[in-house]
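Here is how the chains run, residue by residue.
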Amino acid sequence: MKKLLWVMLCGLGSGGIWMLAKEVGGTNLPVSDLLVKVRASVRPTLDAEAKSKALTVGSPVLVRIFKESLELEVWLQQPKAQQWVLFKTYPIHKWGGGTLGPKLAEGDGQAPEGFYSVGAKQMNPFSNYHLAFNIGYPNAFDQAKGRTGSAIMVHGAKVSIGCFAMTDPLIEEIYLLTEAALLAGQGKFPVHIFPFRMTPERMAAAKDDPNLPFWENLREGYRMFEEAKQLPKVTGDSTGYHFTKP
């Protein structure tokens, strides 16, 4: 395990003391007393579970969310093969009071759909909702479309108005997996959010939904990953999301 360097910084956040953990060769991440306790109690179990699947905690992470089935997947990249392997599927307790479809405006109660990324500055172990990370909404595509909103998180505490709320034990695992990847050098981890599993049958059932053109665009990225278990490169502008092979 790489050595951790600890730096104490005062006056950040809501009047508390923040610690930044910097792993040699990695990046700065905030550390709370809660996170220190979670690492001690949960990390050994995660390490053992990953090892049993020939995976490593600290490998690059991909998060996929499916709103209809209330599922959050964590994928880890195999160190040698460079392919992505599903580590675990976590049940989402709640994703807000909206309906299937993208978030359009601040306060609309919707949870986003699309392709997002999370870096060190978006991790929050001091959240009022146990542990949290900001998914990065609105992204370039959302902004080009004039969509607004802020502070869309994956967090604990089982409450949500437009966020993705988990139970506290589950967000602890998810947070540790994502934090470990960032500390090991993954600059940002991707978060792919879909309304549902985009099978031909489910897409056919949505043929009369006004969101169908947007969902067909999302499905391009969904299908590229499903077929090869390789992450497509994703960009977005006012015309939609665009995908290229890695």
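What you see is a predicted model, and the numbers here were worked out from it, not measured in a lab. Every chain's residues receive numbers from 1 upward, in the order its sequence appears when written. With the structure being a predicted model, the display of local features is reserved for residues of pLDDT at least 70 and the display and counting of side-chain atom pairs for 80 or more, all residues being used for whole-chain, interface and lining totals. Side-chain numbers here rest on the full set of heavy atoms in the structure, without hydrogens or water.

**Side note on the overall build of the protein chain**
Reasoning step 1: Summing up its helical and strand segments, the protein chain has five helices and 14 strands in all.
Reasoning step 2: Considering only contacts in the protein chain between residues 6 or more positions apart, those separated by 24 or more positions represent 55%.
Reasoning step 3: Accessible surface is estimated by sampling points in the Shrake-Rupley manner with a 1.4 Å probe; for residues, cover comes only from the protein chains shown. Carbon together with sulfur atoms contributes 56% to the accessible area of the protein chain, which is approximately 11,500 Å² in total. Strands here mean DSSP runs of E at least two residues long; helices mean DSSP runs of H or I at least four residues long; both are numbered from the N terminus. In what follows, residue pairs with any heavy atoms lying within 4.5 Å of each other are defined as contacts.

**Overview of the pairing of strand β5 (residues 71-77)**
Walk down a regular strand and you will see the side chains alternate between the two sheet faces.
Reasoning step 1: Burial of β5 is extensive: six of the seven residues sit out of reach of the surface.
Reasoning step 2: Note that strand β4 (residues 61-66) and β5 share six bridges and pair antiparallel. Counterpart to Phe 66 in the pairing with β5 is Glu 71.
Reasoning step 3: Here, a strand pair is defined by DSSP locating no fewer than two bridges between the strands. Between the end of β4 and the start of β5, which pair antiparallel, lie four residues, with Leu 70 showing a positive phi angle near 55°.
Reasoning step 4: Sheet topology places β5 next to strand β6 (residues 84-91); seven bridges connect them, and they run antiparallel. Here the term buried applies to any residue with accessible area under 20% of the maximum for its type, exposed to any over 50%, and partly exposed to those in between, with areas from a 1.4 Å probe on protein chains only.

**Section: the pairing of strand β13 (residues 233-237)**
Reasoning step 1: Bridge count for β13 against strand β14 (residues 240-244) is five bridges, and the pairing is antiparallel. For Val 234, the partnering residue across the bridge sits in β14 and is Phe 243.
Reasoning step 2: Taking the residues between adjacent antiparallel strands as the criterion, β13 and β14 are bridged by two residues.

**Thoughts on helix α3 (residues 168-183)**
Reasoning step 1: Here the expected length of a helix is defined as 1.5 Å per residue gap, with one fewer gap than residues. Its 16 residues give α3 an end-to-end C-alpha distance of 22 Å, which sits within 8% of 22 Å, the value for a rise of 1.5 Å per residue.
Reasoning step 2: With 14 of 16 residues buried, α3 is to be regarded as a mostly interior element.
Reasoning step 3: Within two residues after α3, Gly 185 carries a phi angle of roughly 120°, on the positive side.

**A few points about the side chain of Arg 147**
Reasoning step 1: Looking at the secondary structure, you find Arg 147 in the loop between α2 (140-144) and β10 (153-155).
Reasoning step 2: Residue Arg 147 is classed as buried on the basis of its relative accessible area of 13%.

**Comments concerning the layout of surface pockets**
Reasoning step 1: Here the second largest pocket defines a volume of roughly 290 Å³.
Reasoning step 2: Lining the second largest pocket we find 18 residues, and of these Phe 115, Tyr 116, Ser 117, Asn 139 and Val 234 sit closest to its centre.
Reasoning step 3: The set of elements that each furnish at least two residues to the lining of the second largest pocket consists of β7 (114-118), α2, β12 (189-194) and β13.
Reasoning step 4: Here the lining of the second largest pocket is composed, by residue class, of nine nonpolar, seven polar and two charged. Residues are called lining when one of their atoms sits within 4 Å of a cavity or pocket point, these points coming from a 1 Å grid over the protein atoms alone, where a cavity is a set in which a 1.4 Å probe fits but cannot get out and a pocket is an open set with protein on both sides within 12 Å along at least five of seven lines. Grid points are joined across faces, edges and corners, and a volume is the space filled by probe spheres set on the points. Side-chain classes follow a simple rule in which Ala, Val, Leu, Ile, Met, Phe, Trp, Tyr, Cys and Pro form the nonpolar group, Asp, Glu, Lys and Arg form the charged group, and the remainder, Gly included, forms the polar group.

**Quick look at unusual backbone geometry**
Reasoning step 1: The omega torsion of the bond from Tyr 137 to Pro 138 falls at 0°, within 30 degrees of zero and hence cis.
Reasoning step 2: Within the secondary structure layout, Pro 138 lies in the loop between β9 (132-134) and α2.
Reasoning step 3: A positive phi angle, near 55°, is found at Ala 151, a position not held by glycine.
Reasoning step 4: Mapped onto the secondary structure, Ala 151 falls in the loop between α2 and β10.
Reasoning step 5: Residue classification places Ala 151 among the partly exposed positions, given a relative accessible area of 43%.
Reasoning step 6: A positive phi angle is found at Ala 157, which is not glycine, with a value near 75°.
Reasoning step 7: Checked against the element boundaries, Ala 157 lands in the loop between β10 and β11 (164-165).
Reasoning step 8: On the accessibility criterion, Ala 157 (31% relative accessible area) is partly exposed.

**Side note on the sheet that holds β4**
Reasoning step 1: Taken in spatial order, the five strands make up an open sheet running β6-β5-β4-β12-β7, and their pairing is mixed. Only two strands of the sheet have a single neighbouring strand rather than two, namely β6 and β7. Neighbouring strand axes in the sheet, compared pairwise and without regard to direction, differ in orientation by 20° on average.
Reasoning step 2: To get an axis, a line is fitted to the C-alpha atoms, and for a helix only the part in contact is used. The angle between two axes follows their N-to-C directions and goes from 0 to 180 degrees. Of the strands in this sheet, β4, β5, β6, β7 and β12 are in contact with helix α5 (residues 212-228), which crosses β4 at around 130°.

**A few points about the nonpolar core**
Reasoning step 1: Within this scheme, the nonpolar core is defined by two criteria: the residues are buried Ala, Val, Leu, Ile, Met, Phe, Trp, Tyr or Cys, and they are joined through side-chain atoms within 4.5 Å. In terms of nonpolar packing, the biggest core is built from 60 residues, with Ile 65, Leu 72, Tyr 90, Val 154, Met 166, Phe 189 and Val 191 touching the most fellow members.
Reasoning step 2: For this core, the leading source of residues is α3, giving 10 residues.
Reasoning step 3: By size, the runner-up hydrophobic cluster in this structure holds five residues, among which are Leu 62, Trp 75, Trp 84 and Leu 231.

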